[in-house]
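# Inside the fold
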Amino acid sequence: METLEEKSLYDEVVYQQCLERINELTANTTPQWGKMSAAQMLSHCAEIQEVSNGKSLENTPFIIKLIKGVIRNMVVNHKPYKHSTKTHPQYRQQDPRDFELEKIRLLAALEQFQNDKAEGVAHAHPLFGPMTENERGWAMYKHLDYHLTQFGV
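Residues numbered from 1 in each chain as written. Predicted model: local features only at pLDDT ≥ 70, side-chain atom pairs only at ≥ 80, totals over all residues. Heavy atoms only, no water.

At a closest axis distance of 11 Å, the pairing of helix α2 (residues 38–52) and helix α6 (residues 133–150) adopts a crossing angle of 180°. With respect to each other, α2 and α6 are oriented roughly antiparallel. Residue-level inspection shows Met 41, His 44, Cys 45, Ile 48, Gln 49 and Ser 52 of α2 in contact with α6, the latter providing Met 140, His 143, Leu 144, His 147, Leu 148 and Gln 150. By residue class, the composition of the contact of α2 with α6 is 6 nonpolar, 6 polar and no charged. (Axes fitted to C-alpha atoms, helices over the stretch in contact; angles between N-to-C directions. Helix = DSSP H or I, 4+ residues; strand = E, 2+ residues; numbered from the N terminus. Parallel < 35°, antiparallel > 145°, perpendicular 65-115°, else oblique. Contact = heavy atoms within 4.5 Å. Nonpolar A, V, L, I, M, F, W, Y, C, P; charged D, E, K, R; others polar.)

It is worth spelling out α2 at this point. In this model, α2 (15 residues) spans 21 Å end to end at C-alpha, consistent with the 21 Å of a helix rising 1.5 Å per residue. Among the 15 residues in α2, 15 count as buried, and that is most of the element. With its phi angle positive at about 120°, Gly 54 sits one or two positions after the end of α2. (Expected span 1.5 Å × (residues − 1). Buried < 20%, exposed > 50% of the residue type's maximum accessible area, 1.4 Å probe, protein only.)

All right, on to the side chain of Gln 114 then. Considering the arrangement of structural elements, one finds Gln 114 in helix α5 (residues 99–118). Within the structure, Gln 114 has its side chain in polar contact with the backbone oxygen of Leu 9 (distance 2.7 Å). (Polar contact = N/O pair within 3.5 Å; in protein donor to acceptor, adjacent residues only side chain to side chain.)

Next up on the list: the packing of aromatic side chains. By the definition in use, this model includes 4 aromatic pairs. Taken together, the aromatic side chains of Trp 33, Tyr 81 and Tyr 146 make up a single cluster linked through ring pairs. Looking at Lys 117, its charged tip hangs above the ring of Tyr 10, at a distance of 5.7 Å from the centre. Stacked on the ring of Tyr 81, the Lys or Arg Lys 142 has its end atom at 4.5 Å from the ring centre. (Phe/Tyr/Trp six-rings, centres within 6.5 Å; stacked < 30°, edge-to-face > 60°. Lys NZ or Arg CZ within 6 Å of the ring centre and 35° of its normal.)

The next thing to look at is the layout of surface pockets. Approximately 1200 Å³ is the volume attributed to the largest pocket. In terms of lining residues, the largest pocket is bounded by 40 residues, among which His 44, Thr 85, Lys 86, Thr 87 and His 88 are the most central. Of all the elements, α6 adds the most residues to the lining of the largest pocket, at 7 residues. A breakdown of the residues in the lining of the largest pocket according to their chemical character gives 19 nonpolar, 15 polar and 6 charged. (1 Å grid on protein atoms, 1.4 Å probe; cavity = no way out; pocket = protein on both sides within 12 Å on 5 of 7 lines; lining within 4 Å. Points joined across faces, edges and corners; volume = space filled by probe spheres on them.)

Attention now goes to the nonpolar core. Grouped together as the largest cluster of nonpolar side chains are 40 residues, with contacts concentrated most on Leu 9, Leu 25, Met 41, Leu 106, Leu 110 and Leu 144. Counting residues per element, the ones that place at least two in this core are α1 (12–24), α2, α4 (68–76), α5 and α6. Residue contributions to this core peak at 8 residues, all from α2. Excluding anything up to four places from it in sequence, Leu 110 contacts Leu 9, Tyr 15, Leu 19, Ile 22, Gln 49 and Leu 144. (Core = buried A, V, L, I, M, F, W, Y, C linked by side-chain atoms within 4.5 Å.)

Moving on: the pattern of salt bridges. If you walk through the whole model with that rule in mind, you get 8 salt bridges. Where Lys 55 meets Glu 47, a salt bridge forms, and the shortest distance between an N and an O atom there is 2.9 Å. With its nearest N and O atoms 3.7 Å apart, the salt bridge here joins Lys 117 to Glu 133. Here the residue Lys 117 occupies a position in helix α5, and Glu 133 occupies one in helix α6, the gap between them amounting to 16 residues. (Salt bridge = Lys/Arg side-chain N within 4 Å of Asp/Glu carboxyl O.)

These figures come from the coordinates and say nothing about function on their own.
What follows is the structure in structure tokens.
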């Protein structure tokens, strides 16, 4: 079974590599799988990052609350995400998005993630509860890497 090498979005080299990958995207970059446009993917990633940064998670379905431990394990384990995995309703992106605005939004959320660590701020995840620094850094990298890979960058 394939496993992923654990990296952390808190690691400065990894963080800079992710920024470079984001900057390789264009509004016309097409996914290798899935239905989102590049702008929708940036919006999706920004929303997830903002929730990790302390934004509230609204209207969580009861079933998701029941299986939050299973979902948390999927987020922090070393197994790759399956293509087109279902997501929380707040994270779904179906409406058209502005590529440049969503890119700015994601970059700002990533910068806030870095600033929070530098300032010793650790937000409890609204669904998973407290996470260690290693779990946060890995989970945010794993998710972002999945979608950047989806778009071939």
